[in-house]
Amino acid sequence: MVRHFLKLSDFTADELKALVARAIELKRRRDPAYRPFVGKTLAMIFTKNSTRTRVSFEAGMAQLGGHAIFLSPRDTQLGRNEPLADTARVLARMCDAIMVRNDSQADQEEIARHSRVPVINGLSDRHHPCQLLADIQTWVEHRGDIRGKTAAWIGDGNNVCQSWIEAAAPFGFKLRIATPKGYEPDATLLARNAAAVEVMRGPTFAANGADLIVTDTWTSMGQEKEEQKRLAAFSSYQVDAELMARAKPDALFMHCLPAHRGEEVSEEVMEGVHSVVWDEAENRLHAQKALLEFLLKA
Ligand code: CP
Ligand code: NVA
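Throughout what follows, the structure given in this document is the object of discussion. (Residues numbered from 1 in each chain as written. Chains lettered and ligands numbered in written order. Predicted model: local features only at pLDDT ≥ 70, side-chain atom pairs only at ≥ 80, totals over all residues. Heavy atoms only, no water.)

Around ligand 1, a shell composed of Ser50, Thr51, Arg52, Thr53, Arg101, His128, Gln131, Cys256, Leu257 and Arg284 is seen. Contact between ligand 1 and Gln131: a nitrogen atom at 3.0 Å from a side-chain N or O atom of the residue. The site holding ligand 1 turns out to be the largest pocket. Per-class residue counts for the shell around ligand 1 are 2 nonpolar, 5 polar and 3 charged. (Near = heavy atom within 4 Å. Polar contact = N/O pair within 3.5 Å; in protein donor to acceptor, adjacent residues only side chain to side chain. 1 Å grid on protein atoms, 1.4 Å probe; cavity = no way out; pocket = protein on both sides within 12 Å on 5 of 7 lines; lining within 4 Å. Sits in = over half its atoms within 2 Å of the grid points. Nonpolar A, V, L, I, M, F, W, Y, C, P; charged D, E, K, R; others polar.)

Next up, the structure:
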């Protein structure tokens, strides 16, 4: 049966750990002669902006000998209401995998139901699983095993936060989430992961003694109209040097990017000694190569 990667929980803990290990190996080897995807094509549907996701998938396919096609509603029939199910069936007849970035996990599931090739979530309203592969890889490269560690998510209970929630149990770490009232992650997802995940009010408690501090934009793509309200709601949630000092002295700081300095993170933390954000960004390339290798081989 064809495998899809629409959320972390689509894969077992062993599979996720193997992907991270493989990503580290691919990064180390960087063998230009390794081209397992010759003749293979990845279709990439983007209904939202992207720098890292687009470039990492496109560069990754090219480096492994394959090809990626960028598709947006502006210049495909998706923008003229061709049904997703029809689009999925057509793309799956011509391509070897489909990556989708859109604002609907349900639409991604619809695409997957009608695709006979693997479908990958490149960000939806609910999840951003590829980001988490890169983030865990980054942790492992800097600090080794993440098992038993404590990560603190400071800010919006958004798509990236929800993928952090799904990462905690399989990778064996504790996740504390500090988010203002009304911006919590999905309650069902929280309940399902209650053994590893705790929601706290206020960033200070969450950051205390943490091994890792993570944040993301307060206003995700598609929420622009709420920006002013969000700026007010999150004003005491900035990851600054003072908050970082609450964490362990060797704590790491992560952000999936793009970052908004002076909002969710201070310039000082972004550019400071704890920050590993550029490694995180680079690791999107390596982690997704490992993912594509797994899915295209399966
Ligand atoms: N982190 C991330 O997904 O970045 P892009 O929006 O640039 O793809
Ligand atoms: N939460 C952000 C992540 C961007 C990579 C968004 O959805 O816009």
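Right, let's talk about helix 5 (residues 129-143) for a bit. Taking 1.5 Å per residue, 15 residues should reach 21 Å; helix 5 reaches 21 Å between its end C-alpha atoms and fits that length. Most of helix 5 sits inside the fold, with 11 of its 15 residues counted as buried. Turning to helix 5, its buried residues are Pro129, Cys130, Gln131, Leu132, Leu133, Ala134, Asp135, Ile136, Gln137, Thr138 and Trp139. Taken from the residues just after helix 5, Gly144 is the one with a positive phi, measuring 85°. (Helix = DSSP H or I, 4+ residues; strand = E, 2+ residues; numbered from the N terminus. Expected span 1.5 Å × (residues − 1). Buried < 20%, exposed > 50% of the residue type's maximum accessible area, 1.4 Å probe, protein only.)

Moving on, we get to the packing of helix 2 (residues 52-63) against helix 12 (residues 277-297). Packing of helix 2 against helix 12 brings their axes to within 9 Å, and their N-to-C directions diverge by 50°. Between helix 2 and helix 12, the angle is such that the two are oblique. Judged by the sense of rotation from one axis to the other, the crossing of helix 2 with helix 12 is right-handed. Taking contact as the criterion, the partners of Arg52, Thr53, Ser56, Phe57, Ala59, Gly60, Met61 and Gln63 in helix 2 are, on helix 12, Ala281, Arg284, Leu285, Gln288, Lys289 and Leu292. Here the residues of the contact of helix 2 with helix 12 are counted per class, giving 6 nonpolar, 5 polar and 3 charged. (Axes fitted to C-alpha atoms, helices over the stretch in contact; angles between N-to-C directions. Parallel < 35°, antiparallel > 145°, perpendicular 65-115°, else oblique. Left-handed = near helix turned anticlockwise from the far one by under 90°. Contact = heavy atoms within 4.5 Å.)

Attention shifts here to the sheet that holds strand 5 (residues 150-154). Spatial strand order, 7-6-5-8-9: 5 strands in an open sheet with parallel pairing. Strand pairing shows two members of the sheet lacking a second neighbour, strand 7 (197-200) and strand 9 (252-255), which therefore form its edges. Strand-to-strand twist in this sheet, taken as the mean axis angle between neighbours without regard to direction, amounts to 20°. Pairing between strand 5 and strand 6 (residues 174-178): 5 bridges, direction parallel. Across the sheet, residue Ala151 finds its bridge partner in strand 6, namely Leu175. (Pairing = 2+ DSSP bridges.)

Take the pattern of salt bridges next. Counted according to the given criterion, the structure contains 19 salt bridges. One salt bridge in this structure joins Asp86 and Arg89, with 2.8 Å as the shortest N-O distance. With Asp86 and Arg89 both in helix 3 (residues 84-94) and 3 residues apart, this pair spans about one turn of that helix. Given a relative accessible area of 29%, Asp86 falls into the partly exposed group. For Arg230, the salt bridge is made with Asp156, and the minimal N-O distance between the two is 3.1 Å. A residue pair is termed long-range when its members are at least 10 positions apart, and Arg230 in helix 9 (residues 227-233) and Asp156 in the loop between strand 5 and helix 6 (159-171) qualify at 74 residues. What makes Arg230 buried here is its relative accessible area of 5%. Look at Asp156 and you get buried, because its relative accessible area is 5%. One salt-bridge network, held together by shared partners, links Arg22, Glu25, Arg29 and Glu293. (Salt bridge = Lys/Arg side-chain N within 4 Å of Asp/Glu carboxyl O.)

Within the secondary structure layout, His4 lies in the segment before helix 1 (13-29). Within the structure, the side chain of His4 is placed 3.3 Å from the backbone oxygen of Ala112, a separation counted as a polar contact. Polar side-chain contacts of His4 include one of 2.9 Å to the backbone nitrogen of Val119. Not counting the four nearest positions on each side in its chain, His4 is found in contact with Asp10, Phe11, Ala112, Ser115, Val117, Pro118 and Val119.

Around ligand 2 sit Leu123, Asn158, Asn159, Asp216, Thr217, Ser220, Met221 and Leu257, and those are all the residues in its vicinity. Contact between ligand 2 and Asp216: a nitrogen atom at 2.7 Å from a side-chain N or O atom of the residue. Interatomic distance of 2.8 Å between a side-chain N/O atom of Ser220 and a nitrogen atom of ligand 2. Look at ligand 2: alone it shows 270 Å² of surface, and the protein chains cover 94% of it. Assessed atom by atom at 2 Å from the grid points, ligand 2 resides in the largest pocket. Its residues assigned to classes, the shell around ligand 2 comprises 3 nonpolar, 4 polar and 1 charged. (Areas by Shrake-Rupley, 256 points an atom, 1.4 Å probe, with all protein chains shown as cover.)

Without other data, these values stay purely geometric and don't point to any function.
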